[in-house]
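Report on the structure
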Amino acid sequence: MTRRSCAIYAAGIACASLLVVGIGLVVAQVFRTFMHNRLKKEIVLVEGSRVFESWKSPPPPVYMEYFFFNMTNVDAFLAGAKPQVTQVGPYTYREYRYKDNVSMLDNNTMVSAYNFKKFVFLREKSVGDPAVDNITTVNIPAWAVMNKVKGSFFRASMASMMMTSAGSGFFATHTVDEWLWGYEDRLLARVAASSPDVDKVFGLMYKKNGSHSGEFVYHTGKQNSMEYGRVETWKGESKLTFWTSNQSNSINGSDGSAFHPFLDKNERIYIFTPDLCRSIHMEFEKEVEVKGIPAYRFTPPRSVFASKEENPANEGFCVSPKECLGTGLLKVSPCRKGAPVVASFPHFYLADKKYVAAIGGMSPKREHHQTYLDLNPTTGVIVRANKRAQINMLIERLSGFPKTKVLNETIFPIMFINESVVIDDASAARVHKLLLIVTVVSNFPLFIVGLGGIMLLVFIVLLFRARKQKNEVKRTVFTKPLYATSNEEGTSYSPVSDKEKEDPQNGTYISLTPKGDPEA
C-alpha cells in the first residue's frame with residue numbers, strides 16, 4: 001500500500017469518526033447538559049457561589065426618581081371644575097441597597113435576609129431643590145382621618161372640629177422634602193393626643209430611608225434551580241392577609257432582585273412587592289440587547305391591574321364589593337392603615353381612559369411610563385430595569401363631612417416613581433465572559449462536526465486526485481504502441497512501400513521491418 005493510499009484511508013476514518021461522534025454529541029446534547037448543570041450549581045444563594053456577594057450588595061447603581069403632580073386650580077376644583085395638574089420632577093436619589101442579617105437555613109436550601117435601602121439626593125440629576133420647591137396636592141393626612149371615621153356621626157363631627165382648629169383643608173402645600181421624608185402634621189398631632197398608635201409625622205417615604213421592609217426568606221436554588229430567589233415567607237408568613245381570596249394573598253416569585261437561569265419566552269415572571277402588598281406577573285415582550293448582552297424584556301400586561309369584569313381573578317383584590325375599582329387601579333388601603341391610597345402605573349398608563357380624562361395634565365406614554373425588566377435568559381441576571389408606579393388618592397363624598405358633597409369621586413394623582421438600574425461595566429464584562437464559556441462548551445460538538453466536515457472535504461479531494469492520476473496512467477499505457485517508436489525492440493512500423501498499397505477488403509498493408517534495414 002502506497003503512502004498516498006494510507007493518507008486517503010486515514011482521512012476517511014478520521015472524517016467518519018469525527019462526524020459520528022460530533023453528531024452523536026449534538027443529538028445527545030451532552031456538553032450542553034453538562035454546562036447547564038454546572039451553571040445551575042454556580043447560580044445559588046450560598047456562601048462562595050458566583051452570585052452570592054452581588055446578591056447581598058448589588059454593584060450596579062440604582063436611581064430613584066420622584067415626579068410630583070402640582071395642583072394648579074384648587075378653588076375651581078372645589079367649586080366643581082376639572083382638576084388641573086402639572087408634572088414636576090424628577091427629584092433624583094441614588095439608592096443604595098444591601099442585605100443584612102443574612103442567615104443560611106435548612107441545610108443551605110433557604111436563606112433569610114433584611115433588605116435595607118438608603119437614599120442620597122443627587123442635585124445634578126434633579127430639576128430643583130427639594131428643600132425649597134413647594135408642591136400643592138391632596139392633604140393625605142386629612143383624607144386618611146376622614147376615611148377612618150366616616151359612617152360615625154359623632155367621630156366624624158369630632159374630626160371635622162379638629163380639622164377646623166388645625167386649619168387642615170382638603171389640599172395642602174409643602175416642600176418636596178416634607179412630602180417625601182416627613183413633617184409634623186397639626187391634625188395628626190391632635191389625633192395622636194387621644195390615639196397613641198397614630199404618628200403625628202407624615203411623609204410618603206417617612207421612616208423608609210435606611211430602613212428595611214421586614215424579613216424575607218428565600219429559596220437558594222440548591223435543590224431546584226427554578227426556585228432560585230423565590231420568596232418563601234415575608235415577615236414570617238407564607239401568605240398575605242390583606243385581600244379576600246387565597247390567590248390574591250399568595251406570595252409568588254422573587255422580590256425582583258434575583259431570577260432563575262435559563263428563562264423561557266413563554267413563562268411568566270412573578271414578583272412580590274411589599275409596596276403594592278401583592279404579587280404581580282410579567283410576560284415576555286421582545287428581545288433586546290444591553291451593553292452587548294442579549295436579554296428578554298418582561299413587562300406587566302394590562303391584566304395585572306384589570307377590573308374583575310375584565311379579569312375575574314382580580315376580584316380578590318377588591319377591598320369590598322362596593323370598593324372595586326376599574327382597570328388600571330389597585331386600592332391598597334388594607335395595607336396602608338385604611339388610608340384611601342390607590343396604586344397605578346404613571347399617568348394611568350394601561351388604565352381605563354376615564355381616569356386619564358378626569359385629570360387635566362395626564363399623558364400616558366409607553367416609553368416613559370411602562371415598567372419592564374431586561375433579563376439575560378441564560379443567567380437570569382438583570383441587565384436593565386425600570387420600575388414605575390404612581391400613588392393616587394381616592395377623593396369622594398364622605399358621610400359626616402358636608403363640605404365633600406360638592407366633590408365627585410376622583411382618583412387624584414399625587415406622585416409617581418421611576419426606580420431604574422443598568423448593569424455596570426465590570427458586571428457586564430463578567431457576564432460576557434460567562435456567556436462565552438457557556439457558548440463555547442455547549443457548542444463544542446458542533447466544532448467536532450465542523451472538523452469532521454473539513455476532513456470529509458480533504459478525503460474527497462484526495463480520492464478525486466487519486467482517481468484522476470490512476471486514469472492518466474492507464475491512458476498512457478494504452479496509447480504508447482500506436483503513436484510512438486519503440487527503441488526497446490529494435491523495430492518500427494512502416495508502410496510496405498513508398499506508395500501505399502491498399503487492399504479493398506483489409507486496408508493498407510503494414511510490414512514489420514528491422515530498424516537497421518529500412519529498404520527490406
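Residues numbered from 1 in each chain as written. Predicted model: local features only at pLDDT ≥ 70, side-chain atom pairs only at ≥ 80, totals over all residues. Heavy atoms only, no water.

Convention followed: UniProt positions are given in the numbering used here, feature names are shortened, and annotations may be inferred rather than shown by experiment.
In the nomenclature of an unreviewed UniProt entry, the protein chain corresponds to Scavenger receptor class B, member 2a from the organism Gasterosteus aculeatus aculeatus. As stated in UniProt under Sequence similarities (unreviewed entry), the record for the protein chain gives "Belongs to the CD36 family." We quote the UniProt Subcellular location (unreviewed entry) comment for the protein chain here in full: "Membrane".

**What about a nonpolar patch on the surface?**
Selection rule: Nonpolar side chains (Val, Leu, Ile, Met, Phe, Trp, Tyr) within 5 Å and like charges within 9 Å form the patches, drawn only from residues with over 30% relative accessible area and no salt bridge. Areas reported as accessible are Shrake-Rupley estimates using a 1.4 Å probe. Residue values count occlusion only from the protein chains shown. Salt-bridge detection follows one rule: a side-chain nitrogen of Lys or Arg within 4 Å of a carboxyl oxygen of Asp or Glu. Each helix is a run of H or I in the DSSP string that is no shorter than four residues. Each strand is a run of E no shorter than two, and both are numbered from the N terminus. The buried label goes to any residue with under 20% of its type's maximum accessible area, the exposed label to any with over 50%, and the partly exposed label to all in between, with areas taken from a 1.4 Å probe on protein chains only.
On the surface, Phe 154, Met 158 and Met 161 cluster together into a nonpolar patch covering about 340 Å² of accessible area. Position of Met 158 among the secondary structure elements: in helix α6 (residues 153-166). For Met 158, a relative accessible area of 35% translates into the label partly exposed.

**A few points about the environment of Asn 392**
Worth spelling out the cut-off: In what follows, a contact means two residues having at least one pair of non-hydrogen atoms within 4.5 Å. Polar contact is the term for a pair of N or O atoms within 3.5 Å; when the atoms are in protein, one must be able to donate a hydrogen and the other to accept it, and sequence-neighboring residues count only if both atoms are side-chain atoms.
For Asn 392, the location among the structural elements is in strand β16 (residues 382-395). Taking the C-alpha atoms as reference points, Asn 392 and Ala 343, separated by 49 residues in sequence, lie 6.1 Å from one another. Those residues in contact with Asn 392 that lie beyond four places of it in its chain are Pro 340, Val 341, Val 342, Ala 343, Ser 344, Phe 348, Ile 411, Phe 412, Pro 413 and Ile 414. Here the side chain of Asn 392 touches Gln 390 through a polar contact of 2.7 Å, side chain to side chain.

**A word on α6**
The cut-off we apply is this: The span expected for a helix works out to 1.5 Å for each residue beyond the first. It is the directions from the helix axis to the C-beta atoms whose arc is reported.
For α6, with 14 residues, the first-to-last C-alpha span of 20 Å sits near the 20 Å given by 1.5 Å per residue. Within α6, the full set of buried residues consists of Ala 156, Ala 159, Met 163 and Ala 166. The buried side chains of α6 occupy one side of the element, clustering within an arc of 95° when seen end-on. Across from the buried face of α6, at angles greater than 90 degrees, the exposed residues are Phe 153, Phe 154, Met 161 and Thr 164. Following α6 by one or two positions, Gly 167 adopts a phi angle in the positive range, close to 70°.

**Details of the state of the cysteines**
The following threshold applies: A pair of cysteine sulfur atoms is labelled a disulfide when the two atoms are within 2.5 Å.
In the structure shown here, the tally under the stated rule is 2 disulfides. Across the disulfide, Cys 277 is cross-linked to Cys 335 (sulfur-sulfur distance 1.7 Å). Linking Cys 277 and Cys 335, the disulfide has an S-S dihedral of approximately 80° and is accordingly described as right-handed. Placement of Cys 277 in the loop between β10 (269-273) and β11 (278-290) and of Cys 335 in the loop between β13 (330-331) and β14 (341-344) is noted, with a sequence separation of 58 residues between them. Neither Cys 277 nor Cys 335 differs from the other in exposure class; each is buried. Between the sulfur atoms of Cys 318 and its disulfide mate Cys 324 the distance is 1.4 Å. Its relative accessible area of 8% is what places Cys 318 among the buried residues. What makes Cys 324 partly exposed here is its relative accessible area of 25%. Of note for the protein chain: the bonded cysteines, numbered N- to C-terminal, pair according to 1-4, 2-3.

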